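# Observations on chain architecture
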Amino acid sequence: MSVFLLIPMSGKVEAIRKKLTGIKASGGCILLGHSCLFSPTRGWLATLATAMGRERLMWAGMTTGKDDRALRRRLARRLIAVQEEQRLRLSRELHDDLGQMLASVALELHNVRAGTQEMDGRLERAAMLIDRLSAKVHDAAWNLRPADLDRLGLRASVEDLATMLCSQLGIPCEMDLDALSNPLPAETALTLYRVAQEALTNIGKHAQPSRVSVTAHIQDDRMHLTIEDDGRGFDGRADPGPGHLGLAGMRERLALVGGELTVESATMKGTTVYADVPLAH
């Protein structure tokens, strides 16, 4: 009577391989202890080894692929967090240190009178230059990390972005951002702010619009932010060129908090940016 040894295949192929290599062959039989279990052919052994190798590769591939994706996701989120920390630190240094010093210099220049018309005029021009530099420093600090985002919240910050852009362009701005008053995780709020900042910056640089609309609403437990303009637009069917790399950055940042980005645009028909994120992440 023939006796067969049944070996259950599993993910622990290394343990199985060690068991197989520890078995001794004698007289055409594979011996485990002193009992003849079965008489395999070389072809069968080769097939078994090949199957084990494939299983090992598949198992390793699945595990590595999943771990790599999770690792890349964690690294990307950490990189963004570090960048935002640096932005916050630099913003505070610009505002608190350099900004204050420039304000003090401007005040001194405004108060100084040289006694001659020529020198007074030069001092006045110097004071004006300092004022302009102070304004640029303030704008740089605000763009790096607006104080309103931490102090007043997402709604006020996005409203400030839209108001500033439309004021610079001299165009009307429609806003309905009540939904942004709802509490959001800090990472999600910051992501939406950066998306709005990038979209509005692109409008200011490229769109030449006659109006801008920024709205937010909640639907299906998700926050939806929409930024629309009626400007030049671009061919949404074409591959994004170098001028649209910001869209890829927005999409990647949203994906890290479970969000999605959709962009609709056509040449001379404006652009609409849709960003949505889960309310809890």
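All of these numbers come straight from a predicted model, not from anything done at the bench. (Residues numbered from 1 in each chain as written. Predicted model: local features only at pLDDT ≥ 70, side-chain atom pairs only at ≥ 80, totals over all residues. Heavy atoms only, no water.)

Attention now moves to the overall build of the protein chain. In terms of regular secondary structure, the protein chain is built from 7 helices and 8 strands. Residue burial in the protein chain is summarised as follows: out of 281 residues, 31% are buried. Within the structure as shown, the protein chain displays about 18,200 Å² of accessible surface, and the carbon and sulfur contribution to it stands at 56%. (Helix = DSSP H or I, 4+ residues; strand = E, 2+ residues; numbered from the N terminus. Buried < 20%, exposed > 50% of the residue type's maximum accessible area, 1.4 Å probe, protein only. Areas by Shrake-Rupley, 256 points an atom, 1.4 Å probe, with all protein chains shown as cover.)

Our next topic: the confidence of the model for the protein chain. On average, the protein chain scores 76 in pLDDT, and the residues at 70 or more come to 69%. Counted against residues more than four places away or in other chains, residues 1–45, with its pLDDT under 50, gives 48 contacts. A low-confidence stretch, residues 54–63 stays under pLDDT 50, and its non-local contacts, those more than four residues away or across chains, total 8 contacts. (pLDDT = per-residue confidence, 0-100. Contact = heavy atoms within 4.5 Å.)

Within the structure shown, the criterion is met by 4 salt bridges. When the shortest N-O distance is used, the salt bridge between R155 and E159 registers 3.1 Å. With R155 and E159 both in helix α5 (residues 154–169) and 4 residues apart, the pair spans about one turn of that helix. On the basis of relative accessibility, which here comes to 30%, the residue R155 falls in the partly exposed class. R211 serves as the salt-bridge partner of E228, at 3.8 Å between the closest nitrogen and oxygen. With E228 in strand β6 (residues 222–229) and R211 in the loop between α6 (186–207) and β5 (212–219), this residue pair connects regions lying 17 residues apart in the sequence. Linked through salt bridges whose partners overlap, the residues forming this network are R155, E159 and D178. (Salt bridge = Lys/Arg side-chain N within 4 Å of Asp/Glu carboxyl O.)

Before going further, it helps to examine the side chain of S134. Examined against the element boundaries, S134 turns out to sit in helix α3 (residues 117–144). Not counting residues up to four positions away in its chain, the partners in contact with S134 are L102 and A103.

The subject of this paragraph is the nonpolar core. Ranked by internal contacts, the top residues of the largest apolar core, which has 36 residues, are L154, L192, L200, V214 and L225. Here the element with the most residues in this core is α6; it accounts for 10 residues. Not counting chain neighbours up to four residues away, the residues in contact with L154 comprise L149, L180, L184, A189, L192 and Y193. Core analysis: the second largest hydrophobic core is formed by 10 residues, L94, L102, A106 and L144 among them. (Core = buried A, V, L, I, M, F, W, Y, C linked by side-chain atoms within 4.5 Å.)

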